[in-house]
Amino acid sequence: MSAVDVKSTASPVERYKAAFDARWQGNDELTALRRAALDQFLSTGFPTQRDEAWKYTNLRRLETRSFTPADASALDAHQPDWLTTTGTRIALVNGHWLPALSSQTAQPPGVTVLTLKQWLQREPAAVATYLKEHDQLTGNALEQLNLAFFEDGVVVNLADNAILDEPIYIVHQSTTAAAGRMSHPRVVVRAGRNSRATIVEHYLGANETEYFTNSVTRFEVASGGAIAHFRVQQEAPRAFHIGHIQTKLAKDARYSVHDIQLGSTLGRTGINALLEGSGAHAALFGLLAPMGTQHLDAHTRIDHVAPHTTSEEDYRGIAGGRGRGVFNGKIIVRPDAQKIDSRQSSRNLLLSATAEIDTKPELEIYANDVKCSHGATTGQLDATALFYLRSRGLSESDARAALIRAFAESILSTIELAPVRTALEKQIDERFKLANEAKA
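Throughout what follows, the structure given in this document is the object of discussion. Values in this document were obtained by computation on a predicted structure and should not be read as measured data.

## Overview of the packing of aromatic side chains
Then step 1. For the structure shown, the criterion picks out 13 aromatic pairs.
Then step 2. A ring pair is formed by Trp-82 and Tyr-169, whose centres lie 5.9 Å apart and whose planes are at 80 degrees; its orientation type is edge-to-face. You can see Trp-82 sitting in the loop between strand 1 (68-69) and strand 2 (88-93) and its partner Tyr-169 sitting in strand 6 (residues 168-174), a full 87 residues away along the chain.
Then step 3. Using a relative accessible area of 1% as the deciding quantity, one classes Tyr-169 as buried.
Then step 4. Among the aromatic side chains, those forming a connected cluster through ring pairs are Tyr-16, Phe-20, Trp-24, Phe-41, Phe-46 and Phe-149.
Then step 5. The ring of Trp-82 is capped by Arg-89, whose NZ or CZ atom sits 4.6 Å from the centre of that ring.
Then step 6. For Arg-316, the ring lying beneath its charged end belongs to Phe-407, and the centroid distance is 4.8 Å.

Listed below in structure tokens is the structure:
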């Protein structure tokens, strides 16, 4: 279906119905699930700023554009800059698995890595059951849009006691062939009891290409399991990116995520961590760096359902030009969740008079024996520190870059995966060096 065909539909949301009808036919169980999800999306439509969760993020630019499903295609001549070359690599190009870029090494013992399309082919009934259990009741319209249109992704199953020494690296690459297209990849990670793994998700795209990525990532971590998750969003400057992360933690399970947002014209990551077992721990670290006219949004929710659970959250924002950042973090403590320890922090740095960062930390506490704290600050570069560095011989550009790097380093230094940390430090340095040179 061409973009012209879709534009003939009466309303912006109805364009997706035309794209769906052209893509899927039949009455099988999975198609019925897709159609029900589409109907829910059509009835709800895109979130608006009247919705409290979207108060600071306007999706009108996304809503008025026409995107059709992306097809499988080869990679452009441009080779992605890998964040890491170790471990198992799965490459999704325009939302579809590309074997040529994926690693061909044997899978580690106790670990099964499939593409979502392979799982659909092998166990369609199991996929349908999984989707019914995990997606059918969600009220998130964009997650329903993903359920309606997903075609491929990655499924990782960790057996009990499986320990991975190397990361699983999932690359989401959009090419020039994705112009005017949308992809809805899915990642499912199910970690068995006392298992350990590191998952790296990397989203990137070809410059000057306008496309829409709407991803869903789900983690289920069994008792004693631990997942370290690194999510780096470096989409093309004109791209739209919406990401959804859902995490369920059983007794003594641990989940940490580093949410790094650098790319896209409009990007948002929503993280929902559900601490269902006592002793569970969630750690959320984030860095938003909107520059130029970018709009980058982080929306987090940590839900302490069980007693004796802990969480920590540290997000930093750096905005320059007319860039706008948003951080909305909510911590919920349920009535029976006593002995909770939760800390949240949001610190933000404005590099220009026209930059803006909106921050909204929230606590909802329904128990009486808890330790919870939150705080938020927004400011500019310290003039005294800037003067000191210049007095030691640094140019204004280099002095500003050093202070910006020090501000970001509190997040980057917590990245234990050395190749990812090194690559991000280099990219951050280059990003703000160019910005400072332009300012000078």
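## Quick notes on the packing of helix 8 (residues 383-391) against helix 9 (residues 396-412)
Then step 1. Taken N-terminus to C-terminus, the directions of helix 8 and helix 9 make an angle of 130 degrees; their axes are 9 Å apart at the nearest point. Classified by the angle between their axes, helix 8 and helix 9 sit oblique to one another. The handedness of the crossing between helix 8 and helix 9 comes out as right-handed. Along the contact surface, helix 8 presents Ala-385, Leu-386, Leu-389 and Arg-390, while helix 9 presents Glu-396, Ala-399, Arg-400, Ala-402 and Leu-403.
Then step 2. Here the contact of helix 8 with helix 9 is built from residues that sort into six nonpolar, no polar and three charged.

## Brief notes about empty space enclosed by the protein
Then step 1. Under the counting rule described, the total for this entry stands at five cavities of 30 Å³ or more.
Then step 2. Within this model, the largest cavity holds a volume of roughly 80 Å³.
Then step 3. In terms of lining, the largest cavity is formed by 13 residues, of which the most central are Phe-149, Glu-151, Met-182, Ser-183 and His-184.
Then step 4. Taken together, the residues of the lining of the largest cavity break down into six nonpolar, five polar and two charged.
Then step 5. Taken as a whole, the second largest cavity holds about 60 Å³ of empty space.
Then step 6. Together, Leu-92, Asn-94, Gly-95, His-172, Gln-173, Ser-174, Ser-183, Pro-185, Tyr-203, Thr-213 and Glu-235 line the second largest cavity.

## A word on the packing of helix 2 (residues 14-23) against helix 3 (residues 29-44)
Then step 1. Direction vectors running N to C along helix 2 and helix 3 enclose 165 degrees, while the axes themselves pass 10 Å from each other. The orientation of helix 2 relative to helix 3 falls into the category roughly antiparallel. Here helix 2 runs over helix 3; the crossing is left-handed. Taking contact as the criterion, the partners of Glu-14, Tyr-16, Lys-17 and Phe-20 in helix 2 are, on helix 3, Thr-31, Arg-34, Arg-35, Leu-38, Phe-41 and Leu-42.

So, how was this worked out
Along each chain, residues carry numbers from 1 onward, in the same order as the chain's sequence is written. This being a predicted model, a pLDDT of at least 70 is required before a residue's local features are given, and a value of 80 or more before pairs of side-chain atoms are given or counted; all residues contribute to the totals for chains, interfaces and linings. Processing note: side-chain calculations cover all non-hydrogen atoms of the structure and skip hydrogens and water entirely. By convention, a stacked pair of Phe, Tyr or Trp rings (six-membered ring in the case of Trp) has centres within 6.5 Å and planes under 30 degrees apart, an edge-to-face pair has planes over 60 apart, and any other such pair is tilted. The numbering of helices and of strands both runs from the N terminus, where a helix is a DSSP run of H or I of at least 4 residues and a strand a run of E of at least 2. Accessible area is worked out with a 1.4 Å probe on protein chains only. A residue is then buried under 20% of its type maximum, exposed over 50%, and partly exposed in between. Over a ring means this: the NZ of a Lys or the CZ of an Arg is within 6 Å of the ring centre and within 35 degrees of the ring normal. To obtain an axis, a line is fitted to C-alpha atoms, over the contacting stretch when the element is a helix, and the angle between two such axes runs from 0 to 180 degrees between their N-to-C directions. The labels follow the angle: roughly parallel below 35 degrees, roughly antiparallel above 145, roughly perpendicular from 65 to 115, and oblique for the rest. We call a crossing left-handed when the near helix sits turned anticlockwise from the far one by less than a right angle, and right-handed when that turn is clockwise. We call two residues in contact whenever any of their non-hydrogen atoms come within 4.5 Å of each other. Under the scheme applied, nonpolar residues are Ala, Val, Leu, Ile, Met, Phe, Trp, Tyr, Cys and Pro; charged residues are Asp, Glu, Lys and Arg; polar residues are all the others, including Gly. Every definition here rests on a 1 Å grid over the protein atoms only: cavities are sets of points where a 1.4 Å probe fits but cannot get out, pockets are open sets enclosed by protein on both sides within 12 Å along at least five of seven lines, and lining residues have some atom within 4 Å of a point. Grid points are joined across faces, edges and corners, and a volume is the space filled by probe spheres set on the points.

Geometry only, nothing functional implied.
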